[in-house]
Amino acid sequence: MDLESENNGCTNQESETSVQTLQATLFPLKPTNSTSYFANFIIKTNGEDEDLRFKIRESPSKEWFPNNKEVPFDVQPPRWPTECQVLEERVKHIIDSPPSYEPYYVPTGNECQPKPSGEECGKVVFQYTPLSAVNYFSRSSVGGNKFILPSNLYPDEDTLKFESRFESGNLAKAIMITPNYYELQLRSDFYTNRHMQWFYFKVSNVKKGFLYRFSITNCSKENSLYNEGMKPLMYSKKDSQLHCIGWRRCGQNISYFCNDNVTVDDPDQQMTYTLTFTVKFPHDDDEVYLAQSYPYTYSDLQDYLLDLSTHPVKSTFTTIRLLCKTLAGNNVQYVTITSSSVPGEPPKKKRAIVISARVHPGETPSSWIMKGIMDFLSSDCSSAKELRDKFIFKIVPMLNPDGVIVGNNRCSLSAKDLNRQYRTVIRDAYPSIWYTKLMIRRLLEECGVAMYCDLHAHSRKHNIFIYGCENRRGSEKKLHEQVFPLMLHKNAADKFCFESCKFKIQKNKEGTGRVVMWMMGIANSYTLETSLAGSTLGARADTHFSIQDFEQMGKTFCQTLLDFYDEDPKKEKLRVKIVERLTKEGSNAEEPMNIKLSDYSSDDGDTSNSSDEVGRDYDYEEDVQLPTVPPCSPVVPLKKSRSKTSRKTRQQNIPRSPTVPRKPLPPIQKYSENEISRTKRSISVFDLIPTEALKNHIFTTPSRNRIQQTIKHGKKNNEIDKQLTEVQAKLFTLKNKLWFGVGNGDTTLSWGRRSLTDNQKKSNKDSKKSTTCKKYQRNNERKSSGTSKKDIEENSKSSEIGFKGKTLVNLVDPKGRLRKSKSLPDASSFENIHRTSASADEEKTDAKKKKKKNMKLVKKVKVINNVKNFIRKAD
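Residues numbered from 1 in each chain as written. Predicted model: local features only at pLDDT ≥ 70, side-chain atom pairs only at ≥ 80, totals over all residues. Heavy atoms only, no water.

## Re the sheet that holds strand β12 (residues 248–249)
Next, step 1: Ordered by their spatial adjacency, five strands build an open sheet running β6-β9-β15-β11-β12, and the pairing between neighbours is antiparallel. On the outer flanks of this sheet lie β6 (161–163) and β12, each paired with one strand and no other.
Next, step 2: Looking at chain direction, β6 and strand β9 (residues 200–204) are connected through three bridges and run antiparallel. Paired with E163 across the strands is K202, a residue of β9. (Pairing = 2+ DSSP bridges. Helix = DSSP H or I, 4+ residues; strand = E, 2+ residues; numbered from the N terminus.)

Here it is as structure tokens:
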């Protein structure tokens, strides 16, 4: 047994040496002169055979990443819903800068607007729609469905070949109408039938110099920047290989119009719009990509985070952690950027700044701005070091990776807009939103949050602007939310438009991240909106934004952030003066007023320009020339065009001249707590009732300018409260009747006369006869009872008065319900108007009563209409 074991050991050693010699001969290691970081870990050793050998030094993770306790960033491939077909080859694009600014397309008004023809007039050459047994997300896998069907339905014919089964791609169908005209249809967001706007697909088998026309026939939005000069993007694979040319703007004869597809026969059909344009390709047999905006995929983000985590310097102050998993199992990471504490010294107290992006998958410029922010914060310049020493940056670069992967425009795989779910408590359906909100809540408890900013993109407005939240918590902080956007405008006046900013909180925006974070206590809560097209300001007027513009805007955002939180007394005085000037010029939440900072001085007696006050020296690693800070945005004259839609939208986006004088707002007067509690009502009840109906009352509808006068008259408060309770009780009963569609509880509300059939007319005649008989019976009973006519008239008058002269306590029955008022209109009151009296003696009295009732009903119908309008607005 010993001999056999020794023989087996000898044979194993011989086989190992033979394998090693075979590997050395087939795959020899060659020395390298690289000076890269990883080359330092390749060392040279002398073996037994005195041959040069190379091996990788065994280094633990702590030595490579001294400040990271975990293993380097782990890249996870994207996970798709199982019904998706995905090509194995990943699509990659080079990033370059265009040699000059790319101008807008100038509409002539003669652009062709072909109506969609459909499959009946053409041939379907490409079709891809992921099908699932259920209309909701169920399962996911890496790579999606393994069974990939051919996409070209006619491979033998000489037609264009389309493809969109790659990451972030979106194209559902291509119909060839003629050899040079193709109608395209986009895929809706997964598990919905809406949000068809983002497109990104590949075209091959093209011909050089041949004029093609593409029409995307099922867009969702009624307005688009394509009617105001925006062009689609094109990427040629041969141009990238031969000339290192990346994405470029393309297209002529661009038009965006309504299809008018909603008819009387099918009113429930969704209205769609068409984008049509012509294009020429630069090479034969080329692979060309067309997109709405510069793509930025989930895999691109994973590559960037991997480079960030493996960098020898940036990894010392940057950590990448997993925030949560999405519905499909993709990673949602958050990046923490801050300087580490000095050993031996107590840690500094720092506030946090939270920045998020890409909650809407089709808004790709937000990812490029986020990349510029992370590039600046992780750079070695002095401004970035100062920001890292002062703040803790919590960055969520991609909130909706599932939607980005599958090529959605707005929703996630839950078929919901995530930017309306920040008030949710459902963790499993919206995990990225829930955990982001949890992270911010913990930051508020531990260190505080100085600013929150969510990055977006806009498809119907030019320039870059901000949505903020109006400060209503005290006069001391009034208009402070406008200081940071104004400073950002001064640092990027050729891209950022302060006049386009809005600070009004709308009801349909209450579920957004900006509003929810403001309600959690973050005063500086913003949404940064970037146009998909370009700028209309200064030297950049009527030119498209590029990738470099987006990244530069991210760096300018960080630089303005440092100016805004600068503790220098001169900068503090400047910020106070900015608020005073905004108040003086009458700036408000809906119409912010631009001002000139050159009027101010950093200290008394010294005058400096705006660049000295706001801007800083840009000492980036890259050789980027930033524009000097120009004055306020000039009024850009618009080019005349025959397009109606472009003319309207252009007028809305014209920046207002800062020299136009505006009336300042009235000064804010300090009131007592009782007076403030009475003036807190945002909508008065009397705004719902016409002033004619309130002539008998003591007061009329109050206006903003007369609030102070109404406060001074404290003696009338009791009378006003009584009348308010009466009107509110009436409105309450009216609302119940309108809501449930009932009159007195047994009949439906009737809003005027209706056309009646013959059977209904007969039944009405019978009912009239029965009512007349009942009247005679009632009169006989009254005569027998001995009641006088005066008593009857007094009782009828008291019944007509209804709520008048009664308090809210008298209106409540013993069961706790509001009693119904006979003065309010119902079906019976409208029908009584048209009844005729049978006896000749009662015709004169009935005519007088009808006139009085008609006058009352006219007034009451006006009240009802006002209440209906109020209920619609409230809903």
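## Considering the side chain of N261
Next, step 1: Summarising the element assignment, N261 is placed in the loop between β13 (252–258) and β14 (273–280).
Next, step 2: According to the relative accessible area criterion, N261 is buried, its value standing at 17%.
Next, step 3: Polar contacts involving the side chain of N261 include one to the main-chain carbonyl oxygen of Q270, which spans 2.9 Å.
Next, step 4: Once you skip the residues sitting within four places of it in the chain, N261 turns out to touch Q269, Q270, M271 and T272. (Buried < 20%, exposed > 50% of the residue type's maximum accessible area, 1.4 Å probe, protein only. Polar contact = N/O pair within 3.5 Å; in protein donor to acceptor, adjacent residues only side chain to side chain. Contact = heavy atoms within 4.5 Å.)

## Notes on the packing of aromatic side chains
Each aromatic ring pair is characterised by the separation of its centres together with the angle its planes make.
Next, step 1: Enumeration over the complete set of coordinates arrives at 30 aromatic pairs.
Next, step 2: Look at Y182 and F214: their rings are 6.3 Å apart centre to centre, the planes differ by 35°, and that puts the pair in the tilted class. Here F214 lies in strand β10 (residues 211–219) and Y182 lies in strand β8 (residues 181–185), a separation of 32 residues in the sequence.
Next, step 3: Seen in terms of ring centroids, F545 and F550 are 5.8 Å apart; in terms of plane orientation they differ by 65°. Their pairing is edge-to-face.
Next, step 4: Residue classification places F550 among the buried residues on the basis of a relative accessible area of 1%.
Next, step 5: Every member of this aromatic cluster is reached through a ring pair, and the members are F162, Y182, F199, F201, F210, Y212, F214, F277 and F281.
Next, step 6: Over the ring of Y154 we find K123; its NZ or CZ atom is 4.9 Å from the centre of that ring.
Next, step 7: The side chain of R540 reaches across the aromatic face of Y101, ending 3.9 Å from its centre. (Phe/Tyr/Trp six-rings, centres within 6.5 Å; stacked < 30°, edge-to-face > 60°. Lys NZ or Arg CZ within 6 Å of the ring centre and 35° of its normal.)

## Details of the side chain of S432
Next, step 1: Looking at the element boundaries, S432 is found in helix α8 (residues 431–446).
Next, step 2: Judged by relative accessible area, S432 falls into the buried class, the value being 4%.
Next, step 3: Within the structure, S432 has its side chain in polar contact with the backbone oxygen of L399 (distance 2.9 Å).
Next, step 4: With residues up to four places along the chain from it excluded, the contact list for S432 reads L323, C324, V332, L399 and L418.

## A closer look at the sheet that holds strand β18 (residues 351–357)
Next, step 1: As summarised here, the arrangement of the seven strands in space is β16-β17-β19-β18-β20-β22-β21, forming an open sheet in which the pairing is mixed. Strands at the two margins of the open sheet, each flanked by one partner only, are β16 (318–325) and β21 (464–467). Looking at each pair of strands side by side, their axes are set apart by 20° on average, direction ignored.
Next, step 2: The pairing of strand β20 (residues 449–458) with strand β22 (residues 525–531) spans seven bridges and is classified as parallel. Of the residues in β22, the one forming a bridge with H456 is E529. (Axes fitted to C-alpha atoms, helices over the stretch in contact; angles between N-to-C directions.)

## Some thoughts on the confidence of the model for the protein chain
Next, step 1: When pLDDT is averaged along the protein chain, the result is 75, and 64% of the positions lie at 70 or above.
Next, step 2: Across residues 739–758, where pLDDT falls below 50, the model places 33 contacts with residues more than four positions away in sequence or in other chains.
Next, step 3: Low confidence marks residues 792–834, where pLDDT is under 50. Its contacts with residues over four positions away, or in another chain, come to 65 contacts. (pLDDT = per-residue confidence, 0-100.)

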